[in-house]
Amino acid sequence: MSTTSMNATTSSSQNPSLPFASRADQLVGSVIDASTTLLASYDHDIVKFGMGAPAPDMLPAKDFARIAGEVFDPANFTYGETKGEPVLLDALHDYLSSTNQIPVEQQGDPDRLLITSGGMQGLDLGFKLFVSPGDLVACESPTYTNGSATAMSYEAEILEIPVDEDGMQVEALEDHVARTGRAPKVIYTVPTFQNPAGVTMSLPRRERLLSFAHRHRSVIIEDNPYGMLRFSGESLPALSDLSPNDPLIFGVRTFSKFVAPGLRLGWIDVDPEVRDLAVNAKQTMDTCAPVPNQHLVARWLSEGGAASHVEGLRAAYRERKLTMAAGLERHFPGEVSATDPDGGFFLWVTFDDETINTEELLPTALEDGVAYIPGPAFSPAGKFSNALRLCFASNTPERIDEGLERLRGAVGRHRA
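Here's what I pulled together on the structure shown here. (Residues numbered from 1 in each chain as written. Predicted model: local features only at pLDDT ≥ 70, side-chain atom pairs only at ≥ 80, totals over all residues. Heavy atoms only, no water.)

Next up on the list: the side chain of Gln 294. For Gln 294, the location among the structural elements is in helix 10 (residues 291-302). Not counting chain neighbours up to four residues away, the residues in contact with Gln 294 comprise Gly 84, Glu 85, Leu 88, Ile 115, Leu 265 and Ala 289. (Helix = DSSP H or I, 4+ residues; strand = E, 2+ residues; numbered from the N terminus. Contact = heavy atoms within 4.5 Å.)

This is the structure we're talking about:
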């Protein structure tokens, strides 16, 4: 089973009798999201290392059940302001300011924030505003391909830039420009606890990337879903911290990774002029993010629920990462290499045996009761055939060890 078999891709070239737009060929869909449907077709127990989602026991469900009874009234089940409900914008700005997630220069300026229907809408708004057909978009390799796929949906040309333990190799980006004379219009990056590799862009690389963007007038879409989930090491400033009020930085954030993905809420942090355009663009999409959910999260933030909740996440995810790292060493001694993130959700695992194809291995793994996302799903060009992404956030330590044991058995069966 290949990643394409996990993905219901539709192309205008598949049915030339229909008058598809030219961009329809670029709607490649998401192997990651399609895995949810794939897993639903199996009726036996599967340890799910695939989707990057918090485990159910990591959600503040009791708080939400209580708050819902207070804020879910008819007045909140109508249309809201496109920029977001004022009560959530204020609560979010206060929370970000109190946790030093907004540069001092931007504190007191909620006009930079816009509430989105999840982080993916933030990415869509960024690419919609800055990408024209044929524009070059640079992304990390491997990358979160829901981001690169969104760029492709606006008919961008994708340039993959290698990633190492210090994040995107900005020097490779500079080499490309020196060699071709062509700079990217947009640079898409997940600089902190990168998806899928889990690595964090070093401070020198962040500064070098900003210098590159300013020289070439490249917009940086800084996708930062995991930044507050650091459980070890020292924090690094976001790109927007290093260059406050920079119109070339389009910040995308989400509540999905530290609150709950089903709320479908996120936000962008951008120059006010860009935000005004983003409001216009969002009004052609969905008018407003879910209003009841905005009031729910606003009350939760205002009550102070986020502080202790995030601390709990950090402690739990540290334990789960350590469990997964130890399990890989125990079950695959000398057979794999894995990244060692200081936060976030993911380990990137590469088999030393390059003949192992993780797409071909997947059916056996699913039969044996373990799911992951194959490496080629994280490259528009389909690279990394001997790699895979494992999410440690979604399972208890006991389930993590059980899943790795099942993966060990699947690899042995596949080789046989």
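Now that the structure has been shown, we can carry on.
This part covers helix 4 (residues 119-130). When the terminal C-alpha atoms of helix 4 are compared, their 17 Å separation across twelve residues agrees well with the 16 Å that a helix rising 1.5 Å per residue should span. A large share of helix 4 lies buried, amounting to nine of its twelve residues. Among the residues of helix 4, Gly 119, Gln 121, Gly 122, Leu 123, Asp 124, Leu 125, Gly 126, Phe 127 and Phe 130 are the ones counted as buried. (Expected span 1.5 Å × (residues − 1). Buried < 20%, exposed > 50% of the residue type's maximum accessible area, 1.4 Å probe, protein only.)

Our focus in this paragraph is the sheet that holds strand 6 (residues 186-189). Taken together, eight strands build an open sheet; the order of strands is 2-9-8-7-6-3-4-5 and the sheet is mixed. The outermost strands of the open sheet, each flanked by one partner alone, are strand 2 (113-116) and strand 5 (167-168). As defined by bridge partners, strand 4 (residues 157-164) adjoins strand 5 across two bridges and the pair is classed as antiparallel. Paired with Val 163 across the strands is Met 168, a residue of strand 5. Taken strand by strand, helix 4 contacts strand 2, strand 3 (136-141), strand 6, strand 7 (219-223), strand 8 (249-254) and strand 9 (266-269), and its axis lies near 160° from that of strand 8. (Pairing = 2+ DSSP bridges. Axes fitted to C-alpha atoms, helices over the stretch in contact; angles between N-to-C directions.)

Turning our attention to the nonpolar core. Grouped together as the largest cluster of nonpolar side chains are 69 residues, with contacts concentrated most on Phe 255, Phe 258, Leu 301, Tyr 317, Met 324 and Leu 390. Residue contributions to this core peak at seven residues, all from helix 11 (residues 305-331). Those residues in contact with Leu 390 that lie beyond four places of it in its chain are Phe 49, Met 324, Leu 328, Phe 345, Phe 346, Leu 347, Val 349, Tyr 372 and Leu 404. Among the nonpolar cores identified, the runner-up in size contains 26 residues, and Val 219, Ile 221, Ile 268 and Val 270 belong to it. (Core = buried A, V, L, I, M, F, W, Y, C linked by side-chain atoms within 4.5 Å.)

The tally for this structure, following the rule as stated, stands at 15 aromatic pairs. The interplanar angle of 55° and the centroid separation of 5.3 Å between the aromatic rings of Tyr 226 and Phe 345 together place this pair among those described as tilted. Placement of Tyr 226 in the loop between strand 7 and helix 8 (239-242) and of Phe 345 in the loop between strand 10 (336-338) and strand 11 (346-351) is noted, with a sequence separation of 119 residues between them. With centroids separated by 5.7 Å and ring planes inclined at 85°, the aromatic side chains of Trp 348 and Phe 384 adopt a geometry described as edge-to-face. Of this pair, Trp 348 sits in strand 11 while Phe 384 is found in the loop between strand 13 (373-374) and strand 14 (387-391), placing the two residues 36 residues apart along the sequence. For Trp 348, a relative accessible area of 8% translates into the label buried. Overall, Phe 384 belongs to the partly exposed group, its relative accessible area being 24%. By way of ring pairs, the aromatic residues Tyr 95, Phe 255, Phe 258 and Trp 267 are connected into one cluster. (Phe/Tyr/Trp six-rings, centres within 6.5 Å; stacked < 30°, edge-to-face > 60°.)

Taking strand neighbours across the sheet as the criterion, the four strands line up as 10-11-14-13 in an open arrangement whose pairing is antiparallel. In this open sheet, the two edge strands, each paired with only one partner strand, are strand 10 and strand 13. Alignment of strand 10 against strand 11, held across three bridges, turns out to be antiparallel. Bridge assignment links Ser 337 to a residue of strand 11, and that residue is Thr 350.

Next up on the list: helix 6 (residues 170-180). Listed in full, the buried residues belonging to helix 6 are Val 170, Leu 173, Glu 174, His 176 and Val 177. Angular distribution of buried residues about the axis of helix 6 spans 155°; they occupy a single face of the element. Exposed residues lying more than 90 degrees from the buried face of helix 6 are Ala 178 and Arg 179. In this structure, the buried side of helix 6 is in contact with strand 3, strand 4, strand 5, strand 6 and helix 7 (203-216). With its phi angle positive at about 75°, Gly 181 sits one or two positions after the end of helix 6. (Arc of directions from axis to C-beta.)

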